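# Working through the structure, step by step
What follows is the residue order along each chain.
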Amino acid sequence: MKNKILKYNAQIPRYTSYPTAPHFISKTPAEYAASLALLAPHNPVSLYVHIPFCKEMCWYCGCHTTATRKYAPVEAYLSLMWREIRLTADMIGRRMNVAHLHFGGGSPTMLHPDDFLRTMDVLREAFDFVSDAEIAIEADPRGISYDKAKAYGQAGVNRASFGIQDFSPVVQAAINRRQDFATVEESVALLRQFGINDINFDLMYGLPLQTLDDIEKTVALSLSLKPRRIAMFGYAHVPWMKKHMTLIHDEDLPDACARIDQFSRAEKLLLEAGMQPVGLDHFAAENDSMLQALRSRTLARNFQGYTTDASSTLIGFGTSAISRMPDGFFQNTPHNVNYSAAILAGRLPVARGRLLEEEDRLRGDIIGQLMCYLEVDIPAILVKHGFAPDRFDDILAGFTDMMTDGMVELDRGYQGQSRSAAGSAGGRGAIR
Ligand SMILES: C[S@@+](CC[C@H](N)C(=O)[O-])C[C@H]1O[C@@H](n2cnc3c(N)ncnc32)[C@H](O)[C@@H]1O
Ligand code: SF4
């Protein structure tokens, strides 16, 4: 099977949206404002808050962030973002219910406790949070203190995703991210002390100098802290897009074959420990809501990856943040200067986006189903979007090689004139 997977090895988008962000085009604040004003009043919206700062740069990092040792730029950014939140609420023109809020970055754990609480106050002044709203934060374990954990508990945070990556000191030196197990253990304990029990870990494979032994130790240490979810991300090395990645030596990177072995080893250990597979690269404990979402077919994808959030509307705040509106995507400028100029002029800082045609929705739906469930009933989706059920027959005929290799199963027993396709067989490896 490994050789067959290697035969189809290619770099593909991470598909957190369709079309993906590189395909966005220029959009104006007025277009976004029009879209906000049309939001249905009773449907809950989700919120995303982007904090683009970290104390230092991890060399593998693909996120939109900058390293700063000073707090003044963070303070200045926050005061602008609070204005953006108020401005957006004014544009909507009525109070919306919120069922999901995600703090991402960068490292939201950079915020001083008072500033985190103030940000939550600004959000609660502008939106109505439902009583069981999920409030999640991406946490750098090196940045957690007693006071911060207390503030998160007070603010209603109930889920935290910790960036772990790998516990090997050799790998950590090669990626410029040094954090020992004790630091992670202490920060997880601090959050639990303040009632935050939904704990996720981000691990990575394909890192420089990473070995199977490192993967085994990292998985075992991670499991010892009993997280509810583990994401096993494959390192995406794109030095032409992120200059700091050039500090990672190409010759230290595991090849495609080694990457497959690494993922497979992690998967085996996680399954043996009772975690259940979700989508392409997530694993969830039996009591986790993501597993329930998978089983009830309500699992979805948004800009953070897999999510239990089924809302069709996500409003993003901060530089580079992407909003998903019922009619399309809108992205804020990633540039601090432009962001600040827009907010100070009382304009929404939107720069790019894409309104969705029915064909985009159709393709997005098919990709989303494949990513979440590793199978898709193509004729049913075509009909749902108002297309003829045999529209993709030509494309499906192009899967012959993959079918022969056992990478894709095509179920032709579908009722009616057309077919259904399932991208499964050994699935989790086949399309990675
Ligand atoms: C915003 S960071 C997590 C929060 C916090 N900044 C931290 O690192 O602890 C999100 C996660 O994305 C993953 N990630 C970052 N860069 C990546 C890359 N180039 N390829 C794959 N995964 C990546 C890492 O697992 C990281 O923990
Ligand atoms: S991985 Fe996290 S801590 Fe490291 S640079 Fe990226 S966002 Fe910052």
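Residues numbered from 1 in each chain as written. Chains lettered and ligands numbered in written order. Predicted model: local features only at pLDDT ≥ 70, side-chain atom pairs only at ≥ 80, totals over all residues.

### Quick notes on the site of ligand 1
The line we're drawing: Whether a residue is near a molecule or strand depends on its C-beta atom, generated from backbone atoms, being within 6 Å of that molecule or strand. Comment: elements are numbered from the N terminus, with helices defined as DSSP H or I runs of at least four residues and strands as E runs of at least two. As a working rule, the residues Ala, Val, Leu, Ile, Met, Phe, Trp, Tyr, Cys and Pro are called nonpolar, Asp, Glu, Lys and Arg charged, and the rest polar, with Gly in that last group.
Neighbouring ligand 1 are 17 residues, the closest being Gly62, Glu138, Asp140, Gly163 and Asp202. Those elements that provide at least two residues to the shell around ligand 1 are strand E5 (97-105), strand E7 (159-165) and strand E8 (198-205). Looking at side-chain class alone, the shell around ligand 1 contains 8 nonpolar, 6 polar and 3 charged residues.

### Things to note about the domain arrangement of the protein
Worth spelling out the cut-off: The split into domains, and so the bounds of each, comes from an automatic or database assignment of domains. By the convention adopted here, residues make contact when the C-beta atoms placed from their backbones lie within 7 Å.
Partitioning the protein into structural domains gives domain 1 (16-355) and domain 2 (358-430). Taking the mean C-alpha position of each, domain 1 and domain 2 sit 30 Å from one another. Each partner contributes to the interface: domain 1 provides 10 residues, whereas domain 2 provides 9 residues. Listing elements by their share of the side of domain 1 that touches domain 2, those giving two or more residues are helix H9 (256-272) and strand E12 (300-302).

### Examining the site of ligand 2
Lining the immediate surroundings of ligand 2 are Cys54, Met57, Cys58, Cys61, Cys63, Thr65, Gly105, Gly106, Ser107, Asp140 and Gly163. Per-class residue counts for the shell around ligand 2 are 5 nonpolar, 5 polar and 1 charged.

### Points about the environment of threonine 119
Residue position: threonine 119 is located in helix H4 (residues 113-126). It is 9.2 Å that separates the C-alpha atoms of threonine 119 and serine 79, two residues lying 40 residues apart in sequence. Among all residues touching threonine 119, those that are not within four sequence positions of it are Val49, Leu78, Trp82 and Leu111.

### With respect to unusual backbone geometry
That bond from tyrosine 18 to proline 19 is cis: its omega, -5°, falls within 30 degrees of zero. By the element assignment, proline 19 lies in the loop between helix H1 (2-7) and strand E1 (25-26). Looking along the chain, the bond that leaves glycine 105 and enters glycine 106 is cis, with omega of 20°. With respect to the helices, strands and loops of the structure, glycine 106 is situated in the loop between E5 and H4.

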